[in-house]
Amino acid sequence: MSDVGLIILAAGASTRMGTPKQLLRYGEQSLIGHVVEVANASVCHPIIVVLGAYFEHIKPEINSEQVHIVENPLFGEGISSSIRVGIEALNLMNKEAKAVVLMQKC
């Protein structure tokens, strides 16, 4: 197990765009699918995806058994709430983690 976790912050509502950025197409897949693929290629473990807005629509786009999906019901409070949810999940999965990489979907 790696001592560096990775948290993908993808809970936002994309209100300015008007459609979930996570679901935009990037090549042959969704943007969130691409970000998860890049994360899986890293040496980081565990990989945690924090979802919030559009949870039920975005979750099926994550086709990887190597990631842990957590929901941030307070996503409307801002990115810090998603970081908190991700760190809490990381602490449950790997108490020995020494560092964390934070990724945003774009």
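Rules used throughout
Along each chain, numbering runs from 1 in the same order as the chain's sequence is written. Only residues with pLDDT of at least 70 get local features here, since the model is predicted, and only at 80 or more are side-chain atom pairs given and counted; chain-wide, interface and lining totals rely on the full set of residues. Only hydrogens and water are set aside; all other atoms, that is, all heavy atoms of the structure, feed into the side-chain values. Strand pairing follows a simple DSSP-based rule, namely that at least 2 bridges must link the two strands. A helix here means a DSSP run of H or I that spans at least four residues, while a strand means a run of E at least two residues long, and both kinds are numbered starting from the N terminus. Here the axes come from fitting lines to C-alpha atoms, over the contacting stretch only for helices, and the angles between their N-to-C directions go from 0 to 180 degrees. By definition, residues are in contact when any of their heavy atoms lie within 4.5 Å. Think of a salt bridge as a Lys or Arg side-chain nitrogen and an Asp or Glu carboxyl oxygen that are within 4 Å of each other. A 1.4 Å probe rolled over the protein chains alone gives each residue an accessible area, and that area as a share of the maximum for its type sets the label: buried under 20%, exposed over 50%, partly exposed in between. A helix is expected to span 1.5 Å multiplied by its residue count minus one.

Draft legend 1. Layout of the sheet that holds strand S5 (residues 67-71). Taken together, 4 strands build an open sheet; the order of strands is S5-S4-S1-S6 and the sheet is parallel. Pairing within the sheet leaves two strands with one partner each, and these edge strands are S5 and strand S6 (99-104). Direction aside, the axes of adjacent strands within the sheet are offset by 25° on average. Sitting on the sheet, helix H3 (residues 79-93) touches strand S1 (4-10), strand S4 (47-51), S5 and S6, and the angle it makes with S4 is about 145°.

Draft legend 2. Looking closely at the side chain of Ser 30. By the element assignment, Ser 30 lies in strand S3 (residues 29-30). When near neighbours in sequence (up to four residues on either side) are disregarded, Ser 30 contacts Gln 22, Leu 23, Leu 24, Arg 25 and Glu 61.

Draft legend 3. Representation of the environment of Lys 21 in the model. By secondary structure assignment, the location of Lys 21 is in the loop between S1 and strand S2 (25-26). Taking the C-alpha atoms as reference, Lys 21 lies 7.2 Å from Leu 31; in sequence the two are 10 residues apart.

Draft legend 4. Spotlight on the pattern of salt bridges. Enumeration over the complete set of coordinates arrives at 1 salt bridge. In this structure, Arg 25 and Glu 61 form a salt bridge, with 3.7 Å as the shortest nitrogen-oxygen distance. Pair noted here: Arg 25 is in strand S2 and Glu 61 is in the loop between helix H2 (55-58) and S5, with a separation of 36 residues, a long-range link. Residue classification places Arg 25 among the exposed residues on the basis of a relative accessible area of 53%. Judged by its relative accessible area of 28%, Glu 61 falls in the partly exposed class.

Draft legend 5. Spotlight on H3. Spanning 15 residues, H3 covers 21 Å between terminal C-alpha atoms, matching the ideal 21 Å at 1.5 Å per step. Every buried residue of H3 is listed here: Ser 81, Ser 82, Val 85, Gly 86, Ala 89 and Leu 90. Along its buried surface, H3 packs onto S1, S4, S5 and S6.

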